[in-house]
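Each chain, letter by letter, is given below.
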Amino acid sequence: MSTIIRRSAQKQLVQCRPAPTAAAGNNFPRSYVTRAHPTPLPTAPIEDALQRLLSEMDDRHLHRLQRWENNKEKRVNQRVTYLTARGRPSHPSEADVRAEAADKEYRRMDESVEVALQLNLDPRKPGQALRGSLSLPHGNGKKFGVAVFTDNMDLAKEALDNGAVVAGGAQLIEDIKNGSVSLTSFQRTLATPEMMPQLSAIARLLGPRGLMPNPKLNTIQPQDQLLATLEQQQSGISNYRTDKEGIVRIGIGRGSFGIDKLMDNMRELMNEIQSVKPESFGKGKKGKGGSAAKGTKYYF
């Protein structure tokens, strides 16, 4: 294939891209993007992707550390100036501020690692709205405040002794209803089966925040299993559900876990998603008996 040479208006030779021939037409890169020809997404094995993510976390840490060191003197001077102008006798002196800055090291940010699985699911159809919980081998690196609803006051006291944020029955429901107990003080809830009818009074408060006890999440437990479930919920048991686009988003740990622990958590997650695979899925036509048609993909 010969190179096309054109002469510009200034009489200079300009080298242009070789003209495509019929034989090479299939390999010529497209300069357009359409619905039928979308831009291909980059793909990589899960372990390679996690390793790259950890490397990027290390790069961000080094960048923040460099900024911390470069701006240390400026921060110290600003604090000294403020304390000199507005400080009280009980506030640290200039020597104390500079000594504290010299001893204080930069604390690394432990970033979370989350996974988004795009599944071929339509949550509007029966059986395709996945929701559940699983316990990861190494946890997800988070701690949650748990509220316990039970009419057994002895059990409620034990729950408080074991780390529950709040625990109680009708009085706790009333406190949440009138605002005495803030909904932001806890991130998970547990309840005994006999408390569910009473929780309907605050269902409109708990529901939009995802705090309503649900049997699919194992947050409705008999009294003899309530304390064991409380420990699991506090240790970071992971809840998952599909959004309106059929995507499952869930945290699998933190950057400090390392590649081996993250891969263990990832395997457990994939086994869980595979075990709850619905018989019928996808937005296309279904096969016989309502099952997925042949060749339909579960993972996109």
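Here the structure is shown first, and the text comes after it.
Now for a quick tour of the structure. Everything numeric in this text was worked out from a predicted model, so none of it was measured.

**Thoughts on the side chain of N214**
Counting through the fold element by element, N214 comes out in the loop between α7 (203-206) and α8 (226-234). Those residues in contact with N214, other than ones at most four positions away along the chain, are R131, T219 and I220.

**Focus: the nonpolar core**
Counting 24 residues, the largest nonpolar core has L117, L119, I252, L269 and I273 as the members making the most contacts within it. Looking at this core, the elements that each hand over two or more residues are α1 (46-70), β3 (112-118), β9 (247-254) and α9 (259-275). Per element, the largest residue contribution to this core is six residues, and it comes from α9. Discounting residues that sit within four places of it in the chain, L269 has contacts with V115, L117, L134, I250 and I252.

**Things to note about the packing of aromatic side chains**
What the rule picks out here adds up to one aromatic pair. Consider the rings of W68 and Y106, whose centres lie 5.7 Å apart with planes at 55 degrees: the pair is tilted. One end of the pair, W68, is in helix α1; the other, Y106, is in the loop between α3 (94-103) and β3, and 38 residues separate them in sequence. Above the face of the W68 ring, R75 is positioned so that its terminal group lies 3.9 Å from the ring centre.

Rules of the game
Residues numbered from 1 in each chain as written. Predicted model: local features only at pLDDT ≥ 70, side-chain atom pairs only at ≥ 80, totals over all residues. Heavy atoms only, no water. Helix = DSSP H or I, 4+ residues; strand = E, 2+ residues; numbered from the N terminus. Contact = heavy atoms within 4.5 Å. Core = buried A, V, L, I, M, F, W, Y, C linked by side-chain atoms within 4.5 Å. Buried < 20%, exposed > 50% of the residue type's maximum accessible area, 1.4 Å probe, protein only. Phe/Tyr/Trp six-rings, centres within 6.5 Å; stacked < 30°, edge-to-face > 60°. Lys NZ or Arg CZ within 6 Å of the ring centre and 35° of its normal.

Distances and angles like these do not, on their own, reveal function.
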